[in-house]
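Descriptive analysis of the structure
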Amino acid sequence: MNALNPNATIAQLYYLLIHADGRVDDKEIAMGKKLVEVEGLNSELFYNEIDRLEEVDYKKLLPECSSVLRKFEKKIQIRYIAWLCVIANSDGFMDKEEWKLIYQLYHNQLKLSLDAIMIEQKEIKKQLMLKYKGVA
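Residues numbered from 1 in each chain as written. Predicted model: local features only at pLDDT ≥ 70, side-chain atom pairs only at ≥ 80, totals over all residues. Heavy atoms only, no water.

**Here's the deal with the nonpolar core**
Rules: Each nonpolar core is a collection of buried residues, namely Ala, Val, Leu, Ile, Met, Phe, Trp, Tyr and Cys, held together in the definition by side-chain atoms within 4.5 Å. Only protein chains enter the accessibility calculation, which uses a 1.4 Å probe; a residue whose area is less than 20% of its type maximum is buried, one above 50% is exposed, and one in between is partly exposed. Segments assigned H or I by DSSP are reported as helices when at least four residues long, segments assigned E as strands when at least two residues long, and all are numbered from the N terminus. Throughout, a contact is declared for two residues whenever any of their heavy atoms are within 4.5 Å.
The biggest cluster of nonpolar side chains holds 43 residues, and the ones touching the most others in it are Phe-46, Ile-81 and Ile-102. Listing elements by their share of this core, those giving two or more residues are helix H1 (6-20), helix H2 (26-38), helix H3 (43-53), helix H4 (58-69), helix H5 (74-88), helix H6 (96-109) and helix H7 (114-131). No other element matches the 10 residues that H5 contributes to this core. Beyond its immediate sequence surroundings of up to four residues, Phe-46 is in contact with Asn-7, Ile-10, Ala-11, Tyr-14, Leu-35, Val-36 and Leu-41.

In structure tokens form, the structure reads like this:
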């Protein structure tokens, strides 16, 4: 795992989230594409990382990922967790397992403010509305 590779880290978080509830939803996949576009990520690297994660032990991925995430600036941590919330809600419902993952990351691992995450979520939704003309 590359220490501070934003592309890989957000891909790993995304992978953990979309698999948290045991089913990958089409709307979560679509929101993942928007994540790549809005954040200006290299889509090839992002999806190569997603493919690579198919071979990784899911249970080992979370501790490794949160360890790397702790090395990022707080504002990046907040942004990434806010994206997880937006993606988790993209199918109209945040599953209990998705919330468990998000809570574990923001509260237990990173000690982030829920208020800061909520503010960042609103910012992401605004960006999505502007970029996709009301389709957030």
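There's plenty left to go through after this.
**Description of the packing of aromatic side chains**
Spelled out, the test is: A pair of aromatic rings is counted whenever rings of Phe, Tyr or Trp (Trp by its six-membered ring) have centres within 6.5 Å, and the orientation is called stacked for planes under 30 degrees apart, edge-to-face for over 60 and tilted otherwise.
For the coordinates displayed, the defined rule picks out 6 aromatic pairs. Centroid distance Phe-46 to Tyr-47: 5.0 Å. Interplanar angle 80 degrees. Geometry classified as edge-to-face. The exposure class assigned to Tyr-47 is partly exposed, which follows from its relative accessible area of 30%. The interplanar angle of 90 degrees and the centroid separation of 5.6 Å between the aromatic rings of Tyr-103 and Tyr-106 together place this pair among those described as edge-to-face. In this pair, Tyr-103 and Tyr-106 both sit in helix H6, 3 residues apart, roughly one turn of the helix. For Tyr-103, a relative accessible area of 30% corresponds to the partly exposed category.

**Remarks on the environment of Lys-122**
In this fold, Lys-122 is placed in helix H7. A C-alpha to C-alpha distance of 9.1 Å links Lys-122 and Val-86, two positions 36 residues apart in sequence.

**Some points on the environment of Tyr-47**
With respect to the helices, strands and loops of the structure, Tyr-47 is situated in helix H3. Linking Tyr-47 and Gly-32, residues 15 residues apart in sequence, is a C-alpha distance of 10.0 Å. Ignoring sequence-local partners within four residues, the contact set of Tyr-47 consists of Gly-32, Lys-33 and Val-36.

**Re the pattern of salt bridges**
If charged atoms from side chains of opposite charge come close, those side chains can pair. Cut-off, in case you're wondering: The term salt bridge refers to a side-chain nitrogen of Lys or Arg lying within 4 Å of a carboxyl oxygen of Asp or Glu.
If you walk through the whole model with that rule in mind, you get 6 salt bridges. Among the salt bridges present, the one from Arg-23 reaches Asp-21, with a minimum N-O distance of 3.5 Å. Residues participating in the shared-partner salt-bridge network are Glu-39, Arg-79 and Glu-120.

**Describing unusual backbone geometry**
At Lys-111, a residue that is not glycine, the phi angle is positive and equals roughly 55 degrees. Turning to its location among the elements, Lys-111 is positioned in the loop between H6 and H7. Here Lys-111 falls in the exposed class, since its relative accessible area comes to 62%.

**Details of the packing of H2 against H7**
The packing of two helices is summarised by the inter-axis angle and the distance between the axes. For the record, the criterion: Axis lines are fitted to C-alpha atoms, over the contacting stretch for helices. Their N-to-C directions set the angle, which ranges from 0 to 180 degrees. Working rule for angles: under 35 degrees goes down as roughly parallel, over 145 as roughly antiparallel, 65 to 115 as roughly perpendicular, anything else as oblique. Each residue receives one of three labels: charged for Asp, Glu, Lys and Arg, nonpolar for Ala, Val, Leu, Ile, Met, Phe, Trp, Tyr, Cys and Pro, and polar for the others, Gly being one of them.
Taken N-terminus to C-terminus, the directions of H2 and H7 make an angle of 90 degrees; their axes are 11 Å apart at the nearest point. With respect to H7, the element H2 is oriented roughly perpendicular. Here Met-31, Lys-34, Glu-37 and Val-38 of H2 lie close against H7, whose contacting residues are Gln-127, Leu-128 and Lys-131. Its residues assigned to classes, the contact of H2 with H7 comprises 3 nonpolar, 1 polar and 3 charged.

**Focus on the packing of H1 against H3**
Rule in force here: Crossings are sorted by hand: turned counterclockwise from the far helix by less than a right angle, the near helix makes the crossing left-handed, and turned clockwise it makes it right-handed.
Remark: H1 packs on H3, axes separated minimally by 9 Å, with the N-to-C direction vectors making an angle of 50 degrees. Overall, the two elements H1 and H3 adopt an arrangement that is oblique. Crossing angle aside, the handedness with which H1 passes H3 is right-handed. Here Asn-7, Ala-8, Ile-10, Ala-11, Gln-12, Tyr-14 and Tyr-15 of H1 lie close against H3, whose contacting residues are Leu-45, Phe-46, Glu-49, Ile-50, Arg-52 and Leu-53.

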